[in-house]
Amino acid sequence: MSLTMFKKKKKLQKNQPVSNQSHCCFCSMQCSLQLVPSGKKSSMIVKPSYDFPVATGRLCQKGLNSLDHVEHISRIRRPLVRVDNDGGKKWSTTSWETAFDQISIRIKELQNRHGKDSVSVFGGGSLTNEVSYLLGKFTRVALQSKYIDYNGRYCMSSAAAAGNKAFGVDRGLTLPLSEIENARYIILAGTNIAECQPTMMPYLIAAKKKGAVIVTIDPRNTKTSKLADIHVRLQPGFDAMFVNALLNVIVNEKLYDKQFVQNRTNGFSELIETVKHYTPDVVEEMTGILAPKIRTIARGFAKAKTGIVFTARGLEQQVNGVENTLNYINLCLTTGKIGKSGCGFGAVTGQANGQGGREHGQKADQLPGYRLLEDQSAREHVAKVWGISPDELPGKGVSAFEMFEKINAGEIKAMIVLGSNPIVSSPNNAVVEQALKKLELLVVVDLFETETAEYADWLLPGSSFLEAEGTLTNLEGRVFHRAKVLETPNENPLDYEIICEFAERLGRGQYFQYHSIEDVFNELTRASAGGKADYGGMTYDRLKEEKGVFWPCPEPNHPGTPMMFNNRFYHEDGKANIFAIKPKKPAEPIDEEYPYILTTGRLANHYLSGAQTRRTEILNKKSPIPVAEIHPWLARKMGLIPNQKMKIISRRGSLDFHVKITEGIQPKTIFVPFHWGKELAINRLTNDALAPISRMPEFKICAVAVKAIK
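Calculation criteria
- Residues numbered from 1 in each chain as written.
- Predicted model: local features only at pLDDT ≥ 70, side-chain atom pairs only at ≥ 80, totals over all residues.
- Heavy atoms only, no water.
- Helix = DSSP H or I, 4+ residues; strand = E, 2+ residues; numbered from the N terminus.
- Contact = heavy atoms within 4.5 Å.
- Core = buried A, V, L, I, M, F, W, Y, C linked by side-chain atoms within 4.5 Å.
- Buried < 20%, exposed > 50% of the residue type's maximum accessible area, 1.4 Å probe, protein only.
- Disulfide = S-S within 2.5 Å.
- Axes fitted to C-alpha atoms, helices over the stretch in contact; angles between N-to-C directions.
- Parallel < 35°, antiparallel > 145°, perpendicular 65-115°, else oblique.
- Left-handed = near helix turned anticlockwise from the far one by under 90°.
- Nonpolar A, V, L, I, M, F, W, Y, C, P; charged D, E, K, R; others polar.
- Salt bridge = Lys/Arg side-chain N within 4 Å of Asp/Glu carboxyl O.
- Phe/Tyr/Trp six-rings, centres within 6.5 Å; stacked < 30°, edge-to-face > 60°.
- Lys NZ or Arg CZ within 6 Å of the ring centre and 35° of its normal.
- Pairing = 2+ DSSP bridges.

### Structural notes on unusual backbone geometry
Then, in step 1: Following Trp551, the chain continues to Pro552 via a peptide bond in cis, the omega torsion being -5 degrees.
Then, in step 2: Of note in the backbone geometry, Tyr370 takes a positive phi value of approximately 70 degrees without being a glycine.
Then, in step 3: Here Tyr370 is to be found in the loop between strand 14 (366-367) and strand 15 (371-372).
Then, in step 4: Positioned with a positive phi, Glu491 is a non-glycine residue whose angle comes to about 55 degrees.

### Re the environment of Ile250
Then, in step 1: Within the element layout of this structure, Ile250 appears in helix 8 (residues 239-252).
Then, in step 2: Expressed as a C-alpha distance, the spacing of Ile250 and Arg295, which sit 45 residues apart in the sequence, is 8.8 Å.
Then, in step 3: Apart from the residues within four sequence positions on either side, Ile250 is in contact with Leu255, Tyr256, Ala298, Ala302, Leu331, Thr334 and Thr335.

### With respect to the nonpolar core
Then, in step 1: Of all hydrophobic cores here, the largest spans 120 residues; its most connected members are Phe138, Phe167, Phe242, Tyr328, Leu331 and Phe512.
Then, in step 2: Ranked by residue count, the leading element in this core is helix 8, at ten residues.
Then, in step 3: Discounting chain neighbours no more than four positions away, the residues touching Phe138 are Val121, Leu143, Gln144, Ile416, Ile499, Phe502, Ala503, Leu506 and Phe512.
Then, in step 4: Cys24, Leu33, Ala55 and Leu608 belong to the second-largest nonpolar core, a separate cluster that totals 46 residues.

### As for the state of the cysteines
Then, in step 1: For the structure on display, the rule yields zero disulfides.
Then, in step 2: Cys196 provides the cysteine sulfur closest to Cys155, a residue in no disulfide bond, and the two sulfurs are 9.7 Å apart.

### Description of the packing of helix 3 (residues 96-114) against helix 20 (residues 495-505)
Then, in step 1: Two numbers describe how helix 3 lies on helix 20: the axes approach to 9 Å, and their chain directions differ by 55 degrees. Relative to helix 20, the element helix 3 lies oblique. In the packing of helix 3 onto helix 20, the handedness of the crossing is right-handed. Side by side, helix 3 and helix 20 meet where Trp96, Glu97, Ala99, Phe100, Asp101, Ile103, Ser104 and Lys108 of the first sit next to Ile498, Glu501, Phe502 and Arg505 of the second.
Then, in step 2: Residues belonging to the contact of helix 3 with helix 20 are distributed by class as follows: six nonpolar, one polar and five charged.

### A word on the pattern of salt bridges
Then, in step 1: Under the defined criterion, the tally for this structure stands at 36 salt bridges.
Then, in step 2: Notably, a salt bridge pairs Glu402 with Arg695, separated by 2.8 Å at the nearest N-O pair. Here Glu402 is found in helix 17 (residues 400-408), whereas its partner Arg695 is found in the loop between strand 28 (687-690) and strand 29 (697-698), with 293 residues between them in sequence.
Then, in step 3: Measuring nitrogen to oxygen at the nearest pair gives 3.9 Å for the salt bridge that ties Lys621 to Glu617. Note that Lys621 and Glu617 are positioned in helix 23 (residues 617-622) at a spacing of four residues, about one turn of the helix.
Then, in step 4: Look at Lys621 and you get exposed, because its relative accessible area is 61%.
Then, in step 5: Taking the relative accessible area as the measure of exposure, Glu617 reaches 58% and is therefore exposed.
Then, in step 6: The network of salt bridges with common partners includes Glu97, Asp101, Glu501 and Arg505.

### Details of the packing of aromatic side chains
Then, in step 1: Within this structure, the stated rule accounts for 17 aromatic pairs.
Then, in step 2: Measuring from ring centre to ring centre gives 6.2 Å for Tyr133 and Trp386, while their planes differ by 70 degrees; the resulting arrangement is edge-to-face. Taken together, the positions of Tyr133 in helix 4 (residues 129-142) and Trp386 in helix 16 (residues 376-386) put the pair 253 residues apart, joining distant regions of the chain.
Then, in step 3: Seen in terms of ring centroids, Phe167 and Phe345 are 6.3 Å apart; in terms of plane orientation they differ by 55 degrees. Their pairing is tilted. Of this pair, Phe167 sits in helix 5 (residues 157-167) while Phe345 sits in strand 13 (residues 344-347), and the two are 178 residues apart along the sequence. Assigned by exposure class, Phe167 and Phe345 land together as buried.
Then, in step 4: Feature note: the residues Phe167, Phe345, Phe565, Phe569 and Tyr570 constitute an aromatic cluster, connected by ring pairs.
Then, in step 5: Just above the ring of Phe301 sits the side chain of Lys337; from NZ or CZ to the centre is 5.2 Å.
Then, in step 6: Here Arg478 stacks its cationic end above the ring of Phe52, 5.9 Å away from the centre of that ring.

### A word on the sheet that holds strand 10 (residues 230-232)
Then, in step 1: Read across the sheet, five strands follow the order 10-9-8-12-13 without closing on themselves; strand pairing throughout is parallel. In this open sheet, the two edge strands, each paired with only one partner strand, are strand 10 and strand 13. Pairs of neighbouring strands in the sheet enclose a mean axial angle of 15 degrees, with direction left out of account.
Then, in step 2: Examined bridge by bridge, strand 8 (residues 185-189) and strand 9 (residues 213-217) share five bridges and lie parallel to one another. Directly across from Ala189, in strand 9, lies its bridge partner Ile217.

Right under this line is the structure:
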């Protein structure tokens, strides 16, 4: 469909009623909200909505203020192009026709000169399922390039790899949120739910009211740990060792579920052999966590009738993140706490569509439905849906950070970035900055001129969450429909229309003929059918009527799958795999020159790179700058006095920060949030070492030196 036809269709649809119901654009809970008149002329405000079974009637402060960035004065409303101006390059507005024409011509020039793979795509984990799906298809069918990945690589890749290895499938939560209150023992490792998924807290509180014991494992005392019965302040990098001590107790005291282990798992004997060396006393010497506390947690979890383990980025964003996650999964598998009420494992997804965004083709090695690009039968299935030969599909590409290394090596010449801000979210971001400067063509589609867009040749207006109809998949694996509420400014095309128009201009438009976004979803369901993330039985009508459906849902009459692994896991023999984990050192251990650990994370007031929340006045006022949290012991060691700033120095550079001195952090650990760019970007210092399997960067462990600024 051409741009002209899109405009005609949009005019026809303009007077059709739109919903006032939507879902928050921040975090994986995807709480329901509604726009209602504020009482002031032509003004609307956001209110919580009861029209969704998740977090019914609740919104956090980000959700309540989610309209602000949509209406923000700095929002990009016209296509912008860099033009020469007095010796420099400045933005100039242009038409969509000109933008589509000139960008497409430039892409063709670069591909003719350097090959198809010279053009790459960088996506995002907040895009709808439909746009995520189309972005993967666009890269492989229209650009015919192998280079696509997305910022979800920095979020869920370790958990995804661990889920695939242990269970044979990657779904963040193996159980619905409604089952949390049935758990009698809950372990929260490396996850600060109170700040990252605030509306998930009532589920934990409900469980606690019913008698659940809650354990938090984190180097910091967090708002989440205030709810805990036991808090383990573990230094980053010691998760696998700590869990081995728990497993040592479970094995030695024969607290494991013998029948479950025997009938439904492989690998237990190897685990016994490995964990025998990690007694609580030995691990106390290594970690400082008292042996009696280790025994109490191990016995409590194993003996509890029901139990759940949740993990998140704290232990996953490491080069050993896959192994860390596998060991926490081992707790569930050895005690038989999975696949039944009140039991399960959950890697708590961070981004709004972090789950769906990784299921349908944005990952460098995957096709829709979690099919692997290197699987010939998978290529044949998807190619048939797309109407091309399997031989036309390129092979797998490289991970997100590795694409920037390819740019610096001269292999990639152009990049299209949609809904992401990689110069803020990537580790060692001087490498990313260098790469963006080298590109011969950078096209950014976004709501704002982000830090990444400052390097762009073209900046195209993106569509906000209130303007784009589509589906998302929340942290539970629940696929739901999000209605359109507002029109785009200036009748700008929607993100999916931009993708289709570029495909048309590149001569591949015949593969992108859709009359509506629902058409895209219907094709997605066919492409995913038979895959692990199977949406084959879903339709828009069904998602609206049932308020979401859990995948896998292979047939129209299938009820969906809220609880995973009731009877079998996804490996061929139907069993789960237990992996014996031997703890490894981080990529950059502390030493005399860099004796402290820098770790990064999120704040309740901000989301991802902060492009939206830093433009939301109420949120930004509460957290206007990043502040480094340090222990009083470290402050005294530096001679730091109140209101003095500190310098943090890593092997990649140094930055100055204001300081918060708190007893609530592991003494040798420094915490800095990552939501800012430029001189406030903590990712200037973080380590770009990548995990061997997941290609997750080592965000959470960076050896640093510190000093007070006189």
